[in-house]
Amino acid sequence: MARARSEERRGEIVRAAVEVIAERGYRGASLGTVAERVGLTQQGLLHYFPTKEALLVAVLEERDRWDTGGGSRAAADSWRLDLLASLVEYNAMRPGIVQTFSALLGESVTDGHPAREFFTERYAQVRAEMAAVLRAEFGDRLPSGLTPEQAAPLLTAVMDGLQYQWLLSPESVDMPAAFRAFLTLLRGPDTPQSSRGADRPA
């Protein structure tokens, strides 16, 4: 019972941290502010997360769990291009989470940022996952002649880059429509959507 309560409390803290980081950025978010949101003292919060860095990693891991439906990133084994399009549509309905992730991603490129290692490892894993998605869709060569490994960084860059454009100008950038347009480029104008994964369970 105590363990369950502790996990519930940790979840409350992480959700509060997401809100604070979305509002102020990582560097502007203090443990004291997060603690106040959940009715704790800063010392009380440190019982659950001993450092700000530990809380940051928990926020990032929680975001990934939301994206994979509550599971680990291994759930990406069942992803395919049409499911990636659905993920983009889902992200368009939760700007606060996308803003938090994008703010942390932007800050993480600076030397010594506590999230730098997380994002470096994450991108290596995501590129491998996207290559697997592309191989399941097209085989060893896309219609353009690129290999899945060559196209995977481009697919990843489009997904995250569109998020920045959409956050800055949501009235001008239709993120789901733009991503679907990119999928048309990948498939080629005369290439129908692959049937190799169409009936595979999600």
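Everything numeric here is computed off the predicted structure, so don't read it as measured data. (Residues numbered from 1 in each chain as written. Predicted model: local features only at pLDDT ≥ 70, side-chain atom pairs only at ≥ 80, totals over all residues. Heavy atoms only, no water.)

1. Quick look at the overall build of the protein
Selection rule: By the criteria applied, helices consist of DSSP H or I runs no shorter than four residues and strands consist of E runs no shorter than two, each listed in order from the N terminus. Burial classes follow relative accessibility: with a 1.4 Å probe on protein chains only, a residue under 20% of its type's maximum area counts as buried, one over 50% as exposed, and anything between as partly exposed. Residues are treated as being in contact if the distance between any of their heavy atoms lies within 4.5 Å. Here the Shrake-Rupley method, with its probe set to 1.4 Å, supplies the accessible areas, and only the displayed protein chains count as covering residues.
The helix and strand tally for the protein stands at 9 helices and 0 strands. When the helices and strands of the protein are placed in sequence order, the string is α-α-α-α-α-α-α-α-α. Expressed as a percentage of the 202 residues in the protein, the buried residues total 44%. Of the contacts formed within the protein by residues at least 6 apart in sequence, a portion of 65% connects residues at least 24 apart. Counting every atom, the protein has about 10700 Å² of accessible surface; 54% of that belongs to carbon and sulfur.

2. Section: the packing of helix H7 (residues 116–138) against helix H8 (residues 148–168)
Basically, it comes down to this: Structural elements are reduced to axes, namely lines fitted to C-alpha atoms, with helices fitted over the stretch in contact, and the angle between N-to-C directions of any two is expressed from 0 to 180 degrees. Throughout, the term roughly parallel applies to angles under 35 degrees, roughly antiparallel to angles over 145, roughly perpendicular to angles from 65 to 115, and oblique to all others. Should the near helix be turned counterclockwise from the far one by less than a right angle, the crossing is left-handed, whereas a clockwise turn marks it as right-handed. Gly is put with the polar residues, along with every residue not named as nonpolar or charged; the nonpolar set is Ala, Val, Leu, Ile, Met, Phe, Trp, Tyr, Cys and Pro, and the charged set is Asp, Glu, Lys and Arg.
Taken N-terminus to C-terminus, the directions of H7 and H8 make an angle of 115°; their axes are 8 Å apart at the nearest point. The angle between H7 and H8 places the two elements in the roughly perpendicular class. Classified by chirality, the crossing of H8 by H7 is right-handed. Between H7 and H8, the contacting residues are Tyr-123, Val-126, Arg-127, Met-130, Ala-131, Leu-134 and Arg-135 on the first element and Pro-148, Glu-149, Ala-151, Ala-152, Pro-153, Leu-155, Thr-156, Met-159 and Asp-160 on the second. Grouping the amino acids of the contact of H7 with H8 by side-chain chemistry returns 11 nonpolar, 1 polar and 4 charged.

3. Some points on the nonpolar core
When a protein is soluble and globular, its nonpolar side chains tend to lie buried together. To keep things clear, this is the line we draw: We define a nonpolar core as any set of buried Ala, Val, Leu, Ile, Met, Phe, Trp, Tyr and Cys residues linked to one another through side-chain atoms lying within 4.5 Å.
Of all hydrophobic cores here, the largest spans 29 residues; its most connected members are Ile-13, Val-34, Phe-49, Leu-55, Leu-104 and Phe-119. Once residues lying within four places of it in the same chain are set aside, the contact partners of Phe-49 are Arg-10, Ile-13, Val-14, Ala-54, Leu-55 and Ala-58. Trp-79, Ala-131, Leu-162 and Leu-183 belong to the second largest nonpolar core, which has 26 residues in total.

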